[in-house]
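Below, each chain spelled out in residue letters.
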Amino acid sequence: MDKPDQYRALTPEELGARLAAVPAIAERVGADPANWKVQEVGDGNLNLVFIVEGPQGTVIVKQALPYVRLVGDSWPLPLYRAYYENHALVRQAERDPGAVPEIYHFDEAQALIVMEFLAPHKILRRKLIDGETVDGLGAFLGRFCARTAFRGSELSMKSADKKQDVGLFSGNVEIPAITEALVFTDPYFGAEMNHHTEGLDPVVEQLRSDAQLKARVQRLLMKFASNTETMVHGDLHSGSIMSTDSDSRVIDPEFVQYGPMGFDLGMLTANFLMAYFSQPAHRSADELESYQDWILAVVEETLAEFDAEFRRLWDTERTGMLYPASLFEDQGHASHEACAALLAEIRAEALGFCGIEMHRRTLSLAHNADFEDIEDTGLKRRLEARNLAMGADLIRTAETLGNTKELLDLARLYNAKDVL
Ligand code: SR1
Ligand code: MG
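What comes next is a walk through the structure.

So, how was this worked out
- Residues numbered from 1 in each chain as written.
- Chains lettered and ligands numbered in written order.
- Predicted model: local features only at pLDDT ≥ 70, side-chain atom pairs only at ≥ 80, totals over all residues.
- Heavy atoms only, no water.
- Helix = DSSP H or I, 4+ residues; strand = E, 2+ residues; numbered from the N terminus.
- Contact = heavy atoms within 4.5 Å.
- Areas by Shrake-Rupley, 256 points an atom, 1.4 Å probe, with all protein chains shown as cover.
- Lys, Arg positive; Asp, Glu negative; His and termini not counted.
- Charge placed at Lys NZ, Arg CZ, Asp CG, Glu CD.
- Phe/Tyr/Trp six-rings, centres within 6.5 Å; stacked < 30°, edge-to-face > 60°.
- Buried < 20%, exposed > 50% of the residue type's maximum accessible area, 1.4 Å probe, protein only.
- Lys NZ or Arg CZ within 6 Å of the ring centre and 35° of its normal.
- Core = buried A, V, L, I, M, F, W, Y, C linked by side-chain atoms within 4.5 Å.
- Domains from an automatic or database assignment.

## Let's talk about the overall build of the protein
Each helix and strand counted, the protein has 15 helices and 12 strands in total. Each principal axis of the C-alpha atoms in the protein carries an extent, and together these give about 60 × 60 × 40 Å. Put simply, 74% of the contacts in the protein that link residues at least 6 apart link residues at least 24 apart. Summed over its atoms, the accessible surface of the protein is roughly 17500 Å², and 50% of this surface lies on carbon and sulfur atoms. Taken together, the 41 basic and 66 acidic charged side chains of the protein have centroids lying 2 Å from each other.

## Points about the packing of aromatic side chains
Here a ring pair, both rings aromatic, is described through the centre-centre distance and the interplanar angle of the planes. Per the stated rule, a full pass over the model turns up 15 aromatic pairs. Centre to centre, the rings of tyrosine 84 and phenylalanine 169 are 5.9 Å apart; their planes meet at 45 degrees, and the pair counts as tilted. Here tyrosine 84 is found in helix H3 (residues 81–95), whereas its partner phenylalanine 169 is found in helix H6 (residues 159–169), with 85 residues between them in sequence. Here the two residues tyrosine 84 and phenylalanine 169 agree in accessibility, since each one is buried. An angle of 25 degrees between the planes, with centres 6.3 Å apart, marks the rings of tyrosine 323 and phenylalanine 328 as stacked. Every member of this aromatic cluster is reached through a ring pair, and the members are Tyr80, Tyr83, Tyr84, Phe169 and Tyr258. One cation-aromatic arrangement involves arginine 28 over tyrosine 104; the distance from NZ or CZ to the ring centre is 3.6 Å. In this structure, arginine 283 is placed above the aromatic ring of tyrosine 291, and the distance from its NZ or CZ to the ring centre is 5.4 Å.

## Focus: the nonpolar core
Formed by 66 residues in total, the largest nonpolar core has its most connected members in Phe272, Phe310 and Met390. Elements represented by at least two residues in this core include exactly strand E7 (112–116), helix H4 (124–130), helix H5 (137–151), helix H10 (263–278), helix H11 (285–316), helix H12 (336–363), helix H14 (377–397) and helix H15 (404–415). In terms of residues, this core owes the most to one element, H11, which gives 11 residues. Shared between two domains, this core takes at least three residues from each, and those domains are domain 1 (12–116) and domain 2 (122–415). With residues near it in sequence (within four places) discarded, phenylalanine 310 still touches Ala146, Phe150, Leu155, Met261, Cys339, Leu342, Leu343 and Ile346. Residues Val204, Leu221, Ala385 and Ile395 belong to the second largest nonpolar core, which totals 22 residues.

These results come straight from atomic positions and should not be treated as a statement about function.
And the structure:
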């Protein structure tokens, strides 16, 4: 017989009986599980996600599976990721209040988190495919990345607290290993789980035969794996954001780790660029240009807001051991140049990570719906080729690409180019 708290994956049929005694659910949904409607709606690569609706309200129950859902039980994955996700959500809520769903209950043994049901929010990736706009999206995301980067680092935190946290999250080994393989390594050789669109081979071969490019990617992997600057979300793509037409939240930080400050910003930018390049397959000619312009305006706003918020926190919350006022302001030396230099470094790393994410979503195991939903294979490969070529350009030029305008001009250039 199972021990009472032994892990078992939930099913919609059993959920009511198994979770009826959890006060955090009963208070919000209603006490009698016979009146609960339970639906499993998880469409991600890893977990079970249930919407539990009752006479009083609705909650989300997210439960980790002991294997990769996308692949099956041939790829086991530790349940402990829910523990780290819970810790990440708590920290993100402190560092950027209101940016993530509220947590109501966490059960470590069942690898289960009960959280706020976001409605009428929709996964941002789907909104971008459907051509919907979101007011304030770039400002929200730029602020989120800046606040979590700054407030999770020793620019702000006490060193002892930050180092203790690095220790805590360093137990999350298998999840970063997925990123280390699927994002940074597999796209650049014929790894077993890779797949790509038919006819894309000439572009793929070019990438895989470029040793300098692979070396640049490995250097960024080294930073990702060893640079514990701040607590990163770790998987900040458009499927990890939910939005209405004017409100957004960040979800799903189970890939959390301490890593480089530019990582989340780079992943995010890549996902907007992939949405941008895929648009010719999703929009009619009369709305294509204006919607693509809107996506690039979101990238511009995200990057601008990241810089503005980071500078604001630099001036008002620089309480950690890094760049202390005792070395700068107290000596009559302004620190704004130091901040600008740091931001330039973060930006360059972000653009490198961005290029790599653009590659892996086209070449490695986990692709994205922006391109996967395109039925016309010829069109799909032409758009993916632009995406791959711009990704390579970014990896090569990340340090020298000047400002955001140059980034957006580059996107426009590739969007008009016949790479294949
Ligand atoms: C095997 S997991 C594949 C991908 O899904 C997650 O959302 C991450 O992006 C990961 O790389
Ligand atoms: Mg996820």
